[in-house]
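A look at the structure
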Amino acid sequence: MSLKINIRKAFPDFVLNVELDADDGVLALLGGSGCGKSLTLKCIAGIEKPDSGRIVINGQVVFDSDKNINIPPQGRNVGFLFQNYALFPTMTVLGNIASVVEGKKLHRLAVAGEIADKFGLESVKNLYPREISGGQQQRTALARILVRKPQILMLDEPFSALDTHLRWHMEQEMAVVLADFSGVTLVVTHDRDEAYRMSGKIAVMNEGRLDCIGDKDDIFTNPKTLEAARMTGCKNISKAEKTGDYAVYAVDWGITLKTVKPVTDRVKHIGVRSHHFQPGLGENSFPITVHGSINEPFSRIWLFAFNENAEKLQFATKCEGCAPNALSVPPDKILLLE
Amino acid sequence: MDFRPFVISIQVAVTATVFTFFLGLFAANFVYKMKRGKGIIDTLFTLPMILPPTVAGFFLLTTFGRQGFVGSFLESVFDIRIVFTPTGAVIASIFVAFPLMYRTARGAFEQIDQNVIYAAQTLGFSRHKIFWTLKVPMAKSGILAGAVLAFARALGEFGATMMLAGNIPGRTQTMAIAVFSAVNTGNIQLAYTWVAILTAMSFAMIMLMNFWASPRHRRRKNVPKN
């Protein structure tokens, strides 16, 4: 099963232009707010109509601007989990699930009751959505979606409406549900950890375009683009100028670094993750000026600069201790970004 | 005392409210879903609310009068007359009460979380099913409030009714018109009676509407958990 999209939709101040292929498994769409990731889901579901392009779900063309095909959302059978779950407030948990089942009323209630039990909603099935917890609301929404056996699953920021402690719990429940679903699953998130834990592949989106796509480990250890580095949490990024086949000048930091990987002409930025700096001397080591520190729950972040007037960087360390006076940048940890 | 104005008023207002209810509901849903030209249609639908009653009456007379295009059609084809009949009073009431129903219902529709509608679409709900099983129940208190407002407005209608249906005792003379006639003929006692009845009814209806619109009414038996 597969999903193929190639769509364009223009707004006065924003253009969505996405080309994306997805196979079975979970693909995370990672991007900042306003990058068009939710809009992409809405186009696939048929809630929004692209200006032009083509969308193919499991071999069925649901949208093709050249052939004038635009199947309404009702005919696409996609499972769309909304950020706020979008439960029907005037119906009970059981009513919400039963309302999407076809057939006679008794049959609908029987099917709905069965899936409600399976999702652990037995005790709340006669309550209204606002009378149950956030986790139960999400389970109700999932049950309501899965009872129709959708072609693909799309989850829009599935955990953003939950408290931190519930989030972790629901994420594990979701993992079980997703493992059970044999088809394409798209998860929209701006949280890199969530993206990493839930997905097999990650697509990074930026300003309405697909920035890059790849296996999650590849995207995290070896991001190729500026946006991929940013979205995977790289805090230290500088403009870069190539100075040799294995050397690059970090413009914002005022230092020249040796690299392990060859520097191509397309490299415009470099990045170093804050936990990759090494205190003390070594290759690529420079004296630093420490500007301050921030205590995180289990680590400490030093704010420093390699030169006066240069941009401040972050260095994260697990251990307590006094401020380092020199840091080295391991050449194999430098991210070369296009 | 002649109670016919009371009976006529209730008959006219109830009939007019039934029509206004559905017309206003569908108009509200239509405008709510409109993408282009919303402003002009909304203005047209709201206009009867602020037009002087005589202007509204004049429009209705020129449309439903014997020379009017609807009036002449109805008379020649169905032998139905509108002017100086209870039907005319109903039409005048529908005309002036419609904007209240339309605007209140539209406001209630606009409060609905759009994602709920989108979710229903992706879950295969037809337009018809979305309207009757989701939008209407979700906008219930607003729709009921609109219906009460429309009924109250229809009950108090005077100007356009005078022009279209006239003031025929026992036929088109409603309570509001009876007050006018009583004052005109110097029967202050009668005027007081109708004024008292109308004021009490209006008061009760506003109370009812506020009750339906209050959050306390919407809360159900169970206290929400957090």
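For the structure, check the block above.
To keep things clear, this report deals only with the structure shown in the data block. None of the values given here were measured: they were computed from a predicted structure.

Take the environment of S299 of chain A next. All names here are of chain A. The topology assignment puts S299 in the loop between β18 (289-295) and β19 (300-305). By relative accessible area, which is 23% here, S299 ends up partly exposed. Measuring from C-alpha to C-alpha, the distance between S299 and K318 comes to 4.5 Å, with 19 residues separating the pair along the chain. Setting aside chain neighbours within four positions, we find S299 in contact with I294, T317 and K318.

Here we come to the environment of M209 of chain B. All names here are of chain B. Position of M209 among the secondary structure elements: in helix α11 (residues 188-213). Between the alpha carbons of M209 and I177 there is a distance of 25 Å; along the sequence they are 32 residues apart. Discounting residues that sit within four places of it in the chain, M209 has contacts with A145, V148 and L149.

Our next topic: unusual backbone geometry. All names here are of chain A. Here the phi dihedral of N77 falls at roughly 45 degrees; this positive angle occurs in a residue that is not glycine. The topology assignment puts N77 in the loop between β6 (69-70) and β7 (78-81). Phi angles above zero are rare outside glycine, and K149 is one such case at about 50 degrees. Inspection of the secondary structure assignment puts K149 in the loop between α4 (134-146) and β8 (152-156).

Turning next to the sheet that holds strand β17 (residues 285-287) of chain A. Residues and elements named next belong to chain A. Strand order in the open sheet formed by 3 strands is β16-β21-β17, and the pairing between neighbours is antiparallel. This sheet does not close on itself; its edge strands, each paired only once, are β16 (278-279) and β17. Judged from the 2 bridges that link them, β16 and strand β21 (residues 326-328) form a sheet pairing that is antiparallel. If you follow P279 over to β21, its bridge partner there is L327.

Parameters at a glance
Residues numbered from 1 in each chain as written. Chains lettered and ligands numbered in written order. Predicted model: local features only at pLDDT ≥ 70, side-chain atom pairs only at ≥ 80, totals over all residues. Heavy atoms only, no water. Helix = DSSP H or I, 4+ residues; strand = E, 2+ residues; numbered from the N terminus. Buried < 20%, exposed > 50% of the residue type's maximum accessible area, 1.4 Å probe, protein only. Contact = heavy atoms within 4.5 Å. Pairing = 2+ DSSP bridges.

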